[in-house]
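Examination of the molecular architecture
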Amino acid sequence: MKKMLSLAAMFAVLAYASPASAEIKFSGDASLRLRGQFEDESGPGFDDSEDDLNFAYRVRLKAAADLGSGYFFKAMLTNDNFAGGWTTVSQNNTEDYNIEVSNFYFGRMMENSHYMMGRLPLNSVNNPIFDLALYPFSPVDIPVATYNMDRIYGLNYGTKIGPGELNTTLIVLDNDVTDNTEGIEGDGIFNDGYAVHLSYKANIGDVTVEPQAIVVLTDADGSDYSNISSNTFGVNVGVPAGDAKLTLSGFYTICDDTNPNTDVHVDYDGYLLRLKGEVGPFMAWVDYNQTDNNTAGDEGDYENLFVWAQYNYKVYESAMGSFSLTPTVRYWAAGFEEDGGFEADYSRLRTELIATVTF
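The structure displayed is predicted, hence computed values, not measured ones.

Time to look at unusual backbone geometry. In this structure, Asn227 is a non-glycine residue whose phi angle is positive, near 55°. Position of Asn227 relative to the elements: it lies in the loop between strand S10 (207-216) and strand S11 (230-241). Notably, Asp263 is not glycine yet its phi reads approximately 60°, a positive angle. Structurally, the position occupied by Asp263 is in the loop between strand S12 (244-258) and strand S13 (265-279). What makes Asp263 exposed here is its relative accessible area of 62%.

And the structure:
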């Protein structure tokens, strides 16, 4: 906590250091979360269940600087771990909250185009293409936001074309540092994992259409396999329905590649469908995923059903901030069927109450 306060004080000093300095605006939020978790897992010869009551908290500090002529800088500080910034109260209540720069990016906004670079936020909670591309066998329950902190290192360029905007982002997925070994592919100066994310967002009447693709350009390390290239593509469609807004998403991923160093041929393909609805403070979505793995030794079918529902109740709101309560239900049902006949089922129910203050 001392480290967090020191960083906040440093930002404050920089903001008022000189009349000629950039205008810096600060904002953020702090949340407390009470979660009940109920898990069940079953298969041949086993049937396990586990229940838990979990207490967690999260603090996020945001800074934005306007440098003039469209140039800008933005950053967010939080507990940069693999839980989306959430810290769980430890067994002895002695956890150490280490604040880190979770994402930062800078660039320029122009009349018909923009560019930015750095640790870019993804907004993956509302765009499931990233979940399917990076977690093809379990792309539900926001894994990119949870395990990858909803950000990625890259360079983005966007420009208006026709009725919409085209965005292209060059992504660095991993940084492999190895020797230049004779007979070994994938090492050397360009051995890193690169991908490109393409999207085009336009309005057709009251309907918003956003086709997208993520193409892995070089052999990259994923959540399940290393040194492979995959392709993911699909579309988000937003449709107004009276006071409600509906979003339909459909994405498909495929990989048919061989690891050059192990000769393992990775072969899988799958899809993810989402139906999302928003009415005032209520939001819910349903995900369905099925992925078929034909990789030798790992053959099997994965099936996932996921439901997220939440209601945001504003206890207090003003121009300076807000205080809200958000009850949330998250349900995940997963099934795995091995080609040899082995089957396993898993389900997890999470009931959450989140108290958040924004400032």
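Once the structure has been displayed, the description carries forward.
Our next topic: the pattern of salt bridges. If you walk through the whole model with that rule in mind, you get 8 salt bridges. A salt bridge links Glu352 to Arg35, with the nearest nitrogen and oxygen atoms 2.7 Å apart. Placement of Glu352 in strand S18 (residues 343-358) and of Arg35 in strand S1 (residues 23-43) is noted, with a sequence separation of 317 residues between them. Judged by relative accessible area, Glu352 falls into the buried class, the value being 6%. Residue classification places Arg35 among the buried positions, given a relative accessible area of 9%. Among the ionic pairs, Arg151 bridges to Asp80, the shortest N-O distance being 3.1 Å. Placement of the pair is Arg151 in strand S7 (residues 151-161) and Asp80 in the loop between strand S3 (71-79) and strand S4 (87-88), with a sequence separation of 71 residues. Residue classification places Arg151 among the buried positions, given a relative accessible area of 12%. It is possible to trace a salt-bridge network through shared partners that takes in Arg35, Asp141, Arg330, Arg348, Arg350 and Glu352.

The next point concerns the nonpolar core. For soluble globular proteins, the rule of thumb is that nonpolar side chains tend to be buried together. With 25 residues, the main nonpolar core has Phe130, Ile214, Trp285, Phe306, Trp308 and Trp332 as its most contacted residues. Counting only elements with at least two residues in this core, the list comes to helix H2 (129-134), helix H3 (143-147), S10, strand S14 (282-293), strand S15 (300-311) and strand S17 (321-338). For this core, the leading source of residues is H2, giving 4 residues. The contacts of Ile214, once residues within four sequence positions are left out, are Ile129, Phe130, Ala133, Ala195, Val196, His197, Ser230, Asn231 and Thr232.

Calculation criteria
- Residues numbered from 1 in each chain as written.
- Predicted model: local features only at pLDDT ≥ 70, side-chain atom pairs only at ≥ 80, totals over all residues.
- Heavy atoms only, no water.
- Helix = DSSP H or I, 4+ residues; strand = E, 2+ residues; numbered from the N terminus.
- Buried < 20%, exposed > 50% of the residue type's maximum accessible area, 1.4 Å probe, protein only.
- Salt bridge = Lys/Arg side-chain N within 4 Å of Asp/Glu carboxyl O.
- Core = buried A, V, L, I, M, F, W, Y, C linked by side-chain atoms within 4.5 Å.
- Contact = heavy atoms within 4.5 Å.

Functional significance is not addressed by these values, which are geometric in nature.
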